[in-house]
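Letter by letter, the chains look like this.
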Amino acid sequence: MMKNRLMILLALCLNQVIAQNQGEITQFNSALNKFLNVRDFCISEDGNEAFFTIQSPLQDISQIAYIKKEDNGWTEPELMPFSTSYMDLEPFLSHDGKRLFFVSDRPLDDSSKQKKDFDIWYVERSGPEKDWSSPKNMGTPVNSDLNEFYPSISKNNNMYFTLESPNGLGKDDIYISRWENGSYSTPQLLDANINSSGYEFNAFVSKNEDFILFSRYNEADGIGSGDLYISLKNDKGSWEKAKNIGTPINTKYMEYCPFYDETNQTLYFTSRRNNLSPKKFDSVSDFQEYIYENNNGLSKIYMTQLKIN
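Summary of the structure given here. (Residues numbered from 1 in each chain as written. Predicted model: local features only at pLDDT ≥ 70, side-chain atom pairs only at ≥ 80, totals over all residues. Heavy atoms only, no water.)

## Examining the packing of aromatic side chains
What the rule picks out here adds up to 21 aromatic pairs. Ring centres 5.1 Å apart and planes at 80° place the aromatic pair Phe 281 and Phe 287 in the edge-to-face group. Looking at Phe 281, the relative accessible area reads 25%, which means it is partly exposed. Through a chain of ring-to-ring contacts, the aromatic side chains of Phe 28, Phe 41, Trp 74 and Tyr 268 assemble into a single cluster. (Phe/Tyr/Trp six-rings, centres within 6.5 Å; stacked < 30°, edge-to-face > 60°. Buried < 20%, exposed > 50% of the residue type's maximum accessible area, 1.4 Å probe, protein only.)

## Focus: the layout of surface pockets
Of the voids in this model, the largest pocket is the one considered here, and its volume is about 440 Å³. Lining the largest pocket are 19 residues; nearest its centre among them are Arg 39, Glu 90, Phe 149, Asp 172 and Phe 201. Contributions of two or more residues to the lining of the largest pocket are made by β7 (88-93), β12 (159-164) and β17 (199-205). Here the lining of the largest pocket gets 3 residues from one element, more than from any other, and that element is β17. When its residues are assigned to classes, the lining of the largest pocket shows 9 nonpolar, 4 polar and 6 charged. (1 Å grid on protein atoms, 1.4 Å probe; cavity = no way out; pocket = protein on both sides within 12 Å on 5 of 7 lines; lining within 4 Å. Points joined across faces, edges and corners; volume = space filled by probe spheres on them. Helix = DSSP H or I, 4+ residues; strand = E, 2+ residues; numbered from the N terminus. Nonpolar A, V, L, I, M, F, W, Y, C, P; charged D, E, K, R; others polar.)

## What about the sheet that holds β7?
One open sheet holds the 4 strands; their spatial order is β7-β8-β9-β10, and the pairing between them is antiparallel. The open sheet has two edge strands, β7 and β10 (136-137), and neither has a second partner. In the sheet, β7 pairs with strand β8 (residues 99-104) via 4 bridges, with the strands oriented antiparallel. Bridge pairing in β8 links Phe 92 to Phe 101. (Pairing = 2+ DSSP bridges.)

## Remarks on the side chain of Asp 210
With respect to the helices, strands and loops of the structure, Asp 210 is situated in the loop between β17 and β18 (211-217). Within the local environment of Asp 210, its side chain forms a polar contact with the side chain of Ser 206, the two groups lying 2.5 Å apart. (Polar contact = N/O pair within 3.5 Å; in protein donor to acceptor, adjacent residues only side chain to side chain.)

## Notes on the pattern of salt bridges
Enumeration according to the criterion identifies 14 salt bridges in this entry. Between Lys 207 and Glu 45 there is a salt bridge, with its nearest N and O atoms 3.1 Å apart. Taken together, the residues Lys 207 in the loop between β17 and β18 and Glu 45 in the loop between β2 (37-43) and β3 (49-55) connect sequence positions 162 residues apart. You can call Glu 45 partly exposed: its relative accessible area is 38%. Between Asp 88 and Arg 106 there is a salt bridge, with the nearest N and O atoms lying 2.7 Å from each other. (Salt bridge = Lys/Arg side-chain N within 4 Å of Asp/Glu carboxyl O.)

## A look at the sheet that holds strand β22 (residues 266-271)
Ordered in space as β1-β23-β22-β21, the 4 strands form an open sheet in which the pairing is antiparallel. In the strand order of this sheet, the two ends are held by β1 (26-27) and β21 (255-261), each with one partner. Bridge count between β21 and β22: 5 bridges; the pairing is antiparallel. Across the sheet, Tyr 260 pairs through a bridge with Leu 267, a residue of β22.

## As for the environment of Ser 197
Looking at the element boundaries, Ser 197 is found in the loop between β16 (188-189) and β17. Ser 197 sits 102 residues away from Ser 299 along the chain, and the two C-alpha atoms are 26 Å apart.

## Focus: empty space enclosed by the protein
Applying the stated criterion to the full structure yields 4 cavities of 30 Å³ or more. What the largest cavity holds in volume is close to 150 Å³. The wall of the largest cavity is formed by 14 residues, among which Ile 43, Glu 45, His 95, Phe 259 and Tyr 260 lie closest to the centre. Put simply, the parts of the chain that give the lining of the largest cavity at least two residues each are β7 and β21. It is β21 that contributes the most residues to the lining of the largest cavity, 3 residues altogether. Per-class residue counts for the lining of the largest cavity are 6 nonpolar, 4 polar and 4 charged. Its volume calculated, the second largest cavity comes out at about 60 Å³. Classifying every residue of the lining of the second largest cavity gives 4 nonpolar, 3 polar and 1 charged.

And the structure:
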């Protein structure tokens, strides 16, 4: 294990994390190009279900959709049954596939129409083909009168999430709430090897909590407006100083919302990368196809093979 950690750290220092060129990073699925903004992706352990957020151009409308794999292909996207007029985003499926966590500004109960701050919620089911329950608020101590975002759950049910708190190191910081004796503990701020006076958000934690992937915004060692970073846990159980994952995953554009499939060693992430250039079009449909199908500067889900350990 130590040898693997050293190999990864060396690769990160060289800004070469397995993927060696831009061509190895692809869009997840062209069927999602019908949406203007797609972000916050997760996939089930068996690879047969995927959940993601679809948004309006200015991100003022936000809903969670899903697709299923049938006959080696993906079904047409459908909205989750709990969709309302409120903002829903950032789905994370538990490792057993029975609980879907997400973020919403919906009121605590149906008797109110007043939007709340952003909280972490969840829905449950007894199996993959079963119906989802009504949404349930995580409650305290995870949720507060502040904004909580981007839940990620380790195999032992520890929860990592983003919190906007005046008591943090920056505006957005990453916290952990540990699962202890059947309930969640008071959230704790991760140390300065992860958080800073800037913006840290969108943390994905591995099953065994041996590495964490997250986004930083406008860092001194950054490549673009927002980059993906990684931190490994050392033998003493502490997080090592986070390092920029480097190119070609990070670009001069915004990269965020990482999700890592440990079984298939595949990194999924959101990016606003753009490779459009002026050209002659044969028709309006030709123009539309070029704009929608290519990396167009809007939020899309990308994937690449990435060996971490």
